[in-house]
Amino acid sequence: MALQAASLIPTSFSILKEGKCCVKDSSLFGLSLSDTLKADFTSSALRCKFQQKIGAVRAETAATASPAVNKSAPEGKKTLRKGTVVITGASSGLGLATAKALAETGKWHVIMACRDFLKTARAAKSAGIAKENYTILHLDLSSLDSVRQFVDSFRRLELPLDVLVCNAAVYLPTAKEPRFTAEGFEISVGTNHLGHFLLARLLLDDLNKSDYPSRRLIIVGSITGNTNTLAGNVPPKANLGDLRGLAGGLNGLNSSVMIDGGDFDGAKAYKDSKVCNMLTMQEFHKRYHEETGITFASLYPGCIATTGLFREHVPLFRTLFPLFQKYITKGYVSEEESGKRLAQVVSEPSLTKSGVYWSWNKTSASFENQLSEEASDPEKARKVWEVSEKLVGLA
Ligand code: LMG
Ligand code: NDP
Ligand code: PMR
């Protein structure tokens, strides 16, 4: 189906070997599907779909021109406009479940920031998310150009940015050799940390301009990056060391592909990337919370053992892991439950505290959790920030 759709679109798409359809001009799915391009669609189904999307976005744009809190309603009642939340990696797992949970409230318009448009469109449809409650915008976090294009496309929508959720991630537990992002960074840290670091830095301005009462930047962390837990002690353990590999660009040429300078290990690279995510949240809090009032938060949503995150693990693992988590560790949560948890961090009035790493107890009540020594080390947070801004071209 992807191939068929792609073949109808001559100029702006290329077809990958796997039959996936990829977008060269990421502004396409934003909105800026220009008139010229619209004319290029020969499939009426596709044309119709895209035009609907544009219609929805334009309508939304008009609707959000009003202030966040409208006091002119009858009897002086205050009404809050619909919030706009960007969720990266909303095509599956936690991101999709969160998009669904927020869209269902009718209070949120979700920008699904994803690398695979058709997969996301199908996922949104089968999750039953109403058309008027979401827009799909292309974002490939493994390319800094794509991140920058995404920011441009988002700005062209002329929507406010009220909440940004950095959720997407890749995990390569069985890779023998490293893979790399467009800029040549090892792909786990390059995608999960550096792509999000640039995205969040660029969009901070937009969050700051929003008049929504509670603006939030949320970066998904994990228990496995925290060595103060049992899960965080399953080898290979996260450890950023003195950041020598990160400082060298994680490219395997003049530096190691691992942050600490060691040999490639996909599972460790993922856990290290989660430590970077949690440190980044704290550094944002330290630098910008007081000045902007934005809430910066991270979380461990529970062990969602059935998601696409484990797609590259061996089949035996994928079969046993959910059972192990359900019946032995009891750390398992369904995708739906995890989505409700992240949706709380996006919108609950009680979760506005900044600089917090949220977790949930056995009765699904949220609490402020303790990060490991490394994941809460302010000096490391500062260094990761400074090295990362050089790598993504911000310093
Ligand atoms: C490694 O692979 C990668 O090589 C590495 O690169 C990195 O990615 C790392 O940190 C990630 O993972 C992991 C690989 C082998 O795991 C597997 O492929 C097997 C999956 C193991 C997952 C845990 C399973 C635990 C036990 C499952 C029992 C399920 C039954 C549920 C039924 C419930 C009934 C009520 O590497 C390993 O991690 C080695 C460990 C493998 C353990 C293999 C299984 C041993 C079984 C021991 C069972 C103990 C529990 C029994 C308790 C019974 C109590 C009622
Ligand atoms: P999934 O694989 O289901 O979701 C990951 C999402 O990230 C997908 O939408 C995927 O897109 C997207 N993604 C991957 N690479 C890129 C890229 N280069 N550009 C844009 N998007 C990309 O996994 P989960 O839902 O489990 O993971 C979501 C978050 O939850 C991650 O941050 C993970 O670390 C965290 N987490 C997960 C836990 C779990 O037990 N599953 C536990 C703790 C934290 P595509 O569909 O195109 O592949
Ligand atoms: Mg882990 C309370 C115990 C607990 C919890 C909550 C998790 C979560 N895990 C726990 C324990 C154990 N795990 C134990 C005792 C083992 C050895 C058998 C174990 C193994 C294990 C493996 C092989 N666990 C894993 C893997 C993975 O490949 C996952 C991983 O590390 O990805 C980086 C994983 C996870 N365990 C978790 C969670 C949440 C994961 C998913 C990874 C994440 O997103 O952080």
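In what follows, the accompanying structure is described. (Residues numbered from 1 in each chain as written. Chains lettered and ligands numbered in written order. Predicted model: local features only at pLDDT ≥ 70, side-chain atom pairs only at ≥ 80, totals over all residues. Heavy atoms only, no water.)

### Topic: the packing of aromatic side chains
(1) Moving on: Overall, the coordinates contain eleven aromatic pairs when judged by the stated rule.
(2) Moving on: Taking 6.2 Å as the distance between ring centres and 90° as the angle between the ring planes, the aromatic pair formed by Y171 and F310 counts as edge-to-face. Of this pair, Y171 sits in the loop between β8 (163-166) and α7 (187-209) while F310 sits in the loop between β10 (295-299) and α10 (315-329); the two residues are 139 residues apart in sequence, bridging distant segments of the chain. In terms of burial, Y171 and F310 fall into one category: buried.
(3) Moving on: The structure contains a cluster of three or more aromatic residues connected by ring pairs, namely Y171, Y270, F310, F317 and F321.
(4) Moving on: Above the ring of Y332, the side-chain terminus of K326 is found at 4.7 Å from the ring centroid. (Phe/Tyr/Trp six-rings, centres within 6.5 Å; stacked < 30°, edge-to-face > 60°. Helix = DSSP H or I, 4+ residues; strand = E, 2+ residues; numbered from the N terminus. Buried < 20%, exposed > 50% of the residue type's maximum accessible area, 1.4 Å probe, protein only. Lys NZ or Arg CZ within 6 Å of the ring centre and 35° of its normal.)

### Thoughts on the layout of surface pockets
(1) Moving on: In this structure, the second largest pocket encloses a volume near 330 Å³.
(2) Moving on: Taken together, 17 residues make up the lining of the second largest pocket; nearest its centre are K107, W108, Y212, S347 and P349.
(3) Moving on: Elements represented by at least two residues in the lining of the second largest pocket include exactly α4 (93-104) and α11 (335-347).
(4) Moving on: The element best represented in the lining of the second largest pocket is α11, accounting for three residues.
(5) Moving on: In terms of residue class, the lining of the second largest pocket is built from nine nonpolar, four polar and four charged. (1 Å grid on protein atoms, 1.4 Å probe; cavity = no way out; pocket = protein on both sides within 12 Å on 5 of 7 lines; lining within 4 Å. Points joined across faces, edges and corners; volume = space filled by probe spheres on them. Nonpolar A, V, L, I, M, F, W, Y, C, P; charged D, E, K, R; others polar.)

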